[in-house]
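Residue-level structure breakdown
Chain residues, written in single-letter form:
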Amino acid sequence: MTTILDRIVEKKKEELSSLILPSERLVTRSKYSLTDSIRNSQHPLGIIAEVKKASPSKGILTHDFNPVAIAKSYQSIGAAGISVLTDQSFFQGHADYLTAIKSEVTNPILRKDFIIHEKEVSYSERIGADAILLIAAILESSQLKELHTQAVELGMDVLVEVHNESELEKVLSHITPHLIGVNNRNLSTFDTDLTTTKRLQQYIPKEITLISESGIHSKNDVDKLRELNVNGILVGEGFMTSQNKQQFVDSLFYVSDKK
Ligand SMILES: O=C(O)c1ccccc1NCC(=O)[C@H](O)[C@H](O)COP(=O)(O)O
């Protein structure tokens, strides 16, 4: 069965030949460590807030999409990092959004895309990323190791994403990432289930910063993750569909869910 990841990766392979690498980094602002920022978060868990116009599971999330304004609102609510979807075909993102955001805010910026080739790692650094996502499900062990090493040499943190035990085993037997993201979304059904984080967190060494990704909407969700000693959360839809980002953060950490 062809999954959404298979379709995305096919498209990425097509796009590779037309990818033009800027000759130098497009932003002057220094690189910042996403890992340090999460570890020093002002909130009980480090928040990676996502700039995502649309997604395969939910379609368009907002018609009022101003990426820099959204990123500035994330900075003002004390996000530890900002994840920027740069994929155009499935998420209506763009590399230009990341460059513009990096120039305007001081939060570390994660490039959220489906990287399969070393040219895309270099490209991420040139457009202004502080950190990149590497998805274990779409990379062979040797590729994962090479792309991870390359990113670290370029001064970027790496969030390595896993969905299950076998992907986690592949990751931990080949690299020691700064950050591991457990994605709670089942990519066949698009359902999210936070017990994915519960299942996998016991195998992740404490020195690795653990992020729970996807399907986080309420204080109930966050309370469950806090019990699991997760260090951070990556939240897209919840932020993108809320008019008041401060109220949304308060509802995750500080205000009880309505009965
Ligand atoms: O969001 C999707 O529908 C999706 C589908 C297929 C592959 C990846 C997908 N999302 C990427 C992400 O990891 C999420 O944007 C991120 O974890 C935030 O999730 P959420 O808070 O549920 O929007």
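Remember, predicted model here, so these are calculated numbers, not experimental data. (Residues numbered from 1 in each chain as written. Predicted model: local features only at pLDDT ≥ 70, side-chain atom pairs only at ≥ 80, totals over all residues. Heavy atoms only, no water.)

Things to note about the overall build of the protein
The number of helices and strands found in the protein is 11 helices and 10 strands. For 259 residues, the compact-globule formula gives about 18 Å, and the C-alpha radius of gyration of the protein, at 17 Å, lands near that figure. Counting only C-alpha atoms and orienting by the principal axes, one finds that the protein spans roughly 55 × 40 × 35 Å. Put simply, the protein has 259 residues, and 55% of those count as buried. (Helix = DSSP H or I, 4+ residues; strand = E, 2+ residues; numbered from the N terminus. Rg over C-alpha atoms; globule rule 2.2 N^0.38 Å. Buried < 20%, exposed > 50% of the residue type's maximum accessible area, 1.4 Å probe, protein only.)

As for empty space enclosed by the protein
With the rule as written, the count across this model stands at 1 cavity of 30 Å³ or more. As a volume, the largest cavity reaches approximately 390 Å³. Lining the largest cavity are 31 residues, with Lys52, Lys112, Asn183, Arg185 and Ser214 positioned closest to its centre. Contributing elements (two or more residues each) for the lining of the largest cavity: helix H1 (4-16), strand S6 (131-135), strand S10 (232-235) and helix H10 (237-240). A total of 3 residues in the lining of the largest cavity trace back to one element, the largest contributor, which is H1. Of the residues contributing to the lining of the largest cavity, the split by class is 14 nonpolar, 9 polar and 8 charged. (1 Å grid on protein atoms, 1.4 Å probe; cavity = no way out; pocket = protein on both sides within 12 Å on 5 of 7 lines; lining within 4 Å. Points joined across faces, edges and corners; volume = space filled by probe spheres on them. Nonpolar A, V, L, I, M, F, W, Y, C, P; charged D, E, K, R; others polar.)

Focus: the UniProt feature "domain: Indole-3-glycerol phosphate synthase" (unreviewed entry) in the protein
Sites flagged by UniProt as "domain: Indole-3-glycerol phosphate synthase" (unreviewed entry) map to residues 6-252. From the first C-alpha to the last, residues 6-252 spans 33 Å; its make-up is 39% helix and 18% strand. (UniProt positions renumbered as here; feature names shortened; annotations may be inferred.)

As for the side chain of threonine 99
Mapped onto the fold, threonine 99 is located in helix H4 (residues 95-104). The exposure class of threonine 99 is buried, given its relative accessible area of 14%. Every residue in contact with threonine 99, bar those within four places of it in the chain, is listed here: Leu26, Val27 and Ile127. (Contact = heavy atoms within 4.5 Å.)

A closer look at the site of the ligand
Taken together, 19 residues surround the ligand, and among them Glu50, Ser57, Lys112, Ser214 and Gly236 come closest. A distance of 2.4 Å is found between an oxygen atom of the ligand and a side-chain nitrogen or oxygen belonging to glutamate 50. Within the backbone of glycine 215, an N or O atom sits 3.0 Å from an oxygen atom of the ligand. For the ligand, the cavity whose grid points lie within 2 Å of the majority of its atoms is the largest cavity. Grouping the constituent residues of the shell around the ligand by class yields 7 nonpolar, 6 polar and 6 charged. (Near = heavy atom within 4 Å. Polar contact = N/O pair within 3.5 Å; in protein donor to acceptor, adjacent residues only side chain to side chain. Sits in = over half its atoms within 2 Å of the grid points.)

Here we look at the environment of isoleucine 116
One can find isoleucine 116 in the loop between strand S5 (109-112) and helix H5 (118-127). As for isoleucine 116 and glutamine 143, which are separated by 27 residues in sequence, their C-alpha atoms are 7.8 Å apart. With near-sequence residues (within four places) excluded, isoleucine 116 lies in contact with Val9, Lys12, Lys13, Leu16, Ile138, Leu139, Gln143 and Leu147.

Quick look at the nonpolar core
Among the nonpolar cores identified, the biggest contains 80 residues, and Tyr74, Ile233 and Phe239 are the most heavily contacted of them. In this structure, tyrosine 74 is in contact with Ala49, Glu50, Val51, Ala79, Ile82, Asn107, Phe239, Met240 and Lys245, ignoring residues within four places of it in sequence. (Core = buried A, V, L, I, M, F, W, Y, C linked by side-chain atoms within 4.5 Å.)

Topic: helix H3 (residues 67-76)
Among all positions in H3, only Pro67, Ile70, Ala71, Ser73 and Tyr74 are buried. For H3, the buried positions fall inside an angular range of 160° around the axis, keeping them on one side. Those residues of H3 that are buried are in contact with strand S1 (46-51), strand S4 (81-85), H4, H10 and helix H11 (245-253). Residue glycine 78 follows H3 closely and has a positive phi angle near 80°. (Arc of directions from axis to C-beta.)

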